[in-house]
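# Survey of secondary and tertiary structure
Here's the letter readout for the chains.
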Amino acid sequence: MELLRTTHLGKIYSGQVVHRALGDISFSVEKGEFVGIMGPSGSGKTTLLQLIATIDNPTSGEVLIDGQNPHQLGHNALARFRRQQLGFIFQDYNLLNTLTILENIVLPLTLEGEKVRTMEEKAHRIADRLGIASILNKWPYEVSGGQAQRTAIARAIIHEPKLLLADEPTGNLDSKSSRDVMETLTAINRADGATMLLVTHDALAASYCHRVLFIKDGELYNEIHRGDSQQAFFQKIIDVLSLLGGNAHDLSTIRV
Ligand code: ADP
Ligand code: MG
């Protein structure tokens, strides 16, 4: 079953200089699939994710999530759709510094008016799964980058979204924490059948995906599938990145 489809999706930023960030992007993602998106800096990865996340509007084409075009919803319905159906993970965690780790995790449920007791039960269950049960009463500035990102993941999945969108979630992490985060995302994908889209510069992170789409200058460039071996997939990803050129093959971002 298809969960996401983009059809001829395009984005032109019209500021002082008109810039075509995305050309004509069509692809679909099956329910439960874990798909990576790679490409050089400035190739349009974040723009693509933001159009799918309905954070920004396309200038052409459409997005369907579970058969629904969220860009056609009115203001309130769209806010509800985003809150209930989507989960977001960002490079810089986006935790609220005035809330504890526990309060950050339950934020999406707070917005839905869930009972405090239900929220805390759910938070403890997720925290156990993600290995952050011992930091629930800490403040964001007291925890490590890896723990902060696992908190952000917990917050992104606590309301069981249909689609989880992550933009460079390992971008600020050392290699050990990156692996932890990717293993956490993989476990969530397997256990919950969550559909996930991961934008990343990091070939090792991308090698956890089932399939990787490459974009160059706002257009789809290539697509490769994982198969059985993560190691072989990692090597294939590196090969495509070399062909892609640009700074996609920046050695500093390849962690072996
Ligand atoms: P990536 O995430 O692959 O690095 P982006 O999607 O952030 O790429 O950006 C794609 C292109 O669109 C870049 O050339 C960038 O400068 C431009 N761009 C991104 N956001 C804006 C914006 N709000 N206004 C104008 N241009 C933008
Ligand atoms: Mg980006």
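Let me begin by describing the structure that accompanies this report. (Residues numbered from 1 in each chain as written. Chains lettered and ligands numbered in written order. Predicted model: local features only at pLDDT ≥ 70, side-chain atom pairs only at ≥ 80, totals over all residues. Heavy atoms only, no water.)

What follows concerns the packing of aromatic side chains. Inspection of every chain in the model, using the stated rule, returns 1 aromatic pair. Between Phe 88 and Phe 90 the ring centres are 6.2 Å apart and the planes differ by 20°, which places this aromatic pair in the stacked class. The partly exposed category is assigned to Phe 90, whose relative accessible area is 27%. (Phe/Tyr/Trp six-rings, centres within 6.5 Å; stacked < 30°, edge-to-face > 60°. Buried < 20%, exposed > 50% of the residue type's maximum accessible area, 1.4 Å probe, protein only.)

Before going further, it helps to spend a moment on the site of ligand 1. Taken together, Tyr 13, His 19, Ala 21, Pro 40, Ser 41, Gly 42, Ser 43, Gly 44, Lys 45, Thr 46 and Thr 47 make up the full set of residues near ligand 1. Side-chain polar atom of Lys 45 to an oxygen atom of ligand 1: 2.8 Å apart, as the coordinates give it. Across the complex, the protein chains shield 58% of the 560 Å² of accessible surface that ligand 1 would expose by itself. Counting only elements with at least two residues in the shell around ligand 1, the list comes to strand S2 (18–30) and helix H1 (45–52). When residues of the shell around ligand 1 are assigned to their parent elements, the largest contribution, 3 residues, is made by H1. When grouped by side-chain class, the residues that make up the shell around ligand 1 number 3 nonpolar, 7 polar and 1 charged. (Near = heavy atom within 4 Å. Polar contact = N/O pair within 3.5 Å; in protein donor to acceptor, adjacent residues only side chain to side chain. Areas by Shrake-Rupley, 256 points an atom, 1.4 Å probe, with all protein chains shown as cover. Helix = DSSP H or I, 4+ residues; strand = E, 2+ residues; numbered from the N terminus. Nonpolar A, V, L, I, M, F, W, Y, C, P; charged D, E, K, R; others polar.)

Our next topic: the pairing of strand S7 (residues 195–199). Most of S7 is tucked away, with 5 of its 5 residues classed as buried. Both faces of S7 are covered, namely the face carrying Thr 195, Leu 197 and Val 199 and the face carrying Met 196 and Leu 198. The sheet contact formed by strand S3 (residues 34–38) and S7 spans 4 bridges and is parallel. Residue pairing for S7: Gly 36 is matched across the bridge by Leu 198. Bridging between strand S6 (residues 163–167) and S7 involves 5 bridges; their strand directions are parallel. Opposite Asp 167, over in S7, you have Val 199 as the bridge partner. On the question of chirality, the crossover connecting S6 to the parallel S7 by way of helix H6 (residues 175–192) is right-handed. (Pairing = 2+ DSSP bridges. Right-handed = clockwise from strand over helix to strand, strands pointing away.)

Attention shifts here to helix H5 (residues 145–157). Along its 13 residues, H5 runs 18 Å from first to last C-alpha, staying within 8% of the 18 Å computed at 1.5 Å per residue. Here H5 lies mainly inside the structure; 11 of its 13 residues are buried. When H5 is considered as a whole, its buried residues turn out to be Gly 146, Ala 148, Gln 149, Arg 150, Thr 151, Ala 152, Ile 153, Ala 154, Arg 155, Ala 156 and Ile 157. The elements touched by buried residues of H5 are strand S5 (86–90), helix H3 (101–111), helix H4 (116–130), S6 and H6. (Expected span 1.5 Å × (residues − 1). Contact = heavy atoms within 4.5 Å.)

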